[in-house]
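# Topology and contacts: notes
Residues per chain are reported as follows:
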Amino acid sequence: MKRVLLCCGGGFSSSALVNKVKKEIIDEELETEYYIEFSPFSLAYEKMNNFDIVVCCPHLKFEVDKLLKEKEIKVPFYILPPVMYGMMKFKELYLDIEDAIELFKKTNLNPVKFAGEENIHRVQRGVAYRNYKGYNN
């Protein structure tokens with residue numbers, strides 16, 4: 001089972017998104033494959049070792065960068081592209097989760113960034129990286 005911690009600034013927008021995503025997990029009968037929990041980013045460091053990945057809302061980029069410079073982190077952090085965050089479809093999110101975890105295992109680089117997505121605020125895709133028509137996988 002993949003355990004996902006979804007963080008936003010105060011936990012308010014991510015809590016609404018997690019409820020939507022949890023419904024999709026149930027509808028798609030993926031409860032045995034994925035567990036998702038929301039948290040304000042201020043608690044991410046305390047919770048992260050209980051999860052396979054920490055997924056952060058795009059507005060947390062600078063906070064994520066700061067945390068990663070200050071602490072030794074062994075859990076992948078993935079910052080959602082803004083359009084994907086706004087649409088939040090779990091069928092797309094779980095593909096990025098799987099790919100981000102695998103990329104982190106290979107590179108050990110945090111936050112996890114897919115090729116061509118070094119500046120997350122310029123990324124325009126609203127689907128998983130592997131499904132985006134502009135990328136070859």
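Scroll up to find the structure this text is about.
## Side note on the packing of aromatic side chains
The final tally for this structure, using the stated rule, is six aromatic pairs. Centroid distance Y34 to Y94: 5.4 Å. Interplanar angle 40°. Geometry classified as tilted. Within this pair, whereas Y34 is found in strand β2 (residues 34–40), its partner Y94 is found in helix α5 (residues 90–107), the two being separated by 60 residues in sequence. When its relative accessible area of 6% is taken as the criterion, Y34 is described as buried. Taken together, a centroid distance of 6.4 Å and an interplanar angle of 20° make the contact between Y35 and F51 stacked. Of the two residues, Y35 is situated in strand β2 and F51 in the loop between α2 (44–47) and β3 (53–56); the sequence distance between them amounts to 16 residues. Through successive ring pairs, a cluster of aromatic residues spans Y34, F90 and Y94. Between the NZ or CZ atom of K71 and the centre of the ring of Y45, over which it lies, the distance is 4.9 Å.

## Re helix α3 (residues 61–70)
Those residues of α3 not exposed but buried are K61, V64, D65, L67 and L68. Burial along α3 is one-sided: seen end-on, the buried residues are contained in an arc of 165°. For α3, exposure combined with an orientation more than 90 degrees from the buried face picks out F62, K66, K69 and E70. Summarising the contacts, the buried residues of α3 are in contact with α2, β3 and β4 (77–79).

What counts and what doesn't
Residues numbered from 1 in each chain as written. Predicted model: local features only at pLDDT ≥ 70, side-chain atom pairs only at ≥ 80, totals over all residues. Heavy atoms only, no water. Phe/Tyr/Trp six-rings, centres within 6.5 Å; stacked < 30°, edge-to-face > 60°. Helix = DSSP H or I, 4+ residues; strand = E, 2+ residues; numbered from the N terminus. Buried < 20%, exposed > 50% of the residue type's maximum accessible area, 1.4 Å probe, protein only. Lys NZ or Arg CZ within 6 Å of the ring centre and 35° of its normal. Arc of directions from axis to C-beta. Contact = heavy atoms within 4.5 Å.

Limitation: the analysis is restricted to geometry and does not speak to function.
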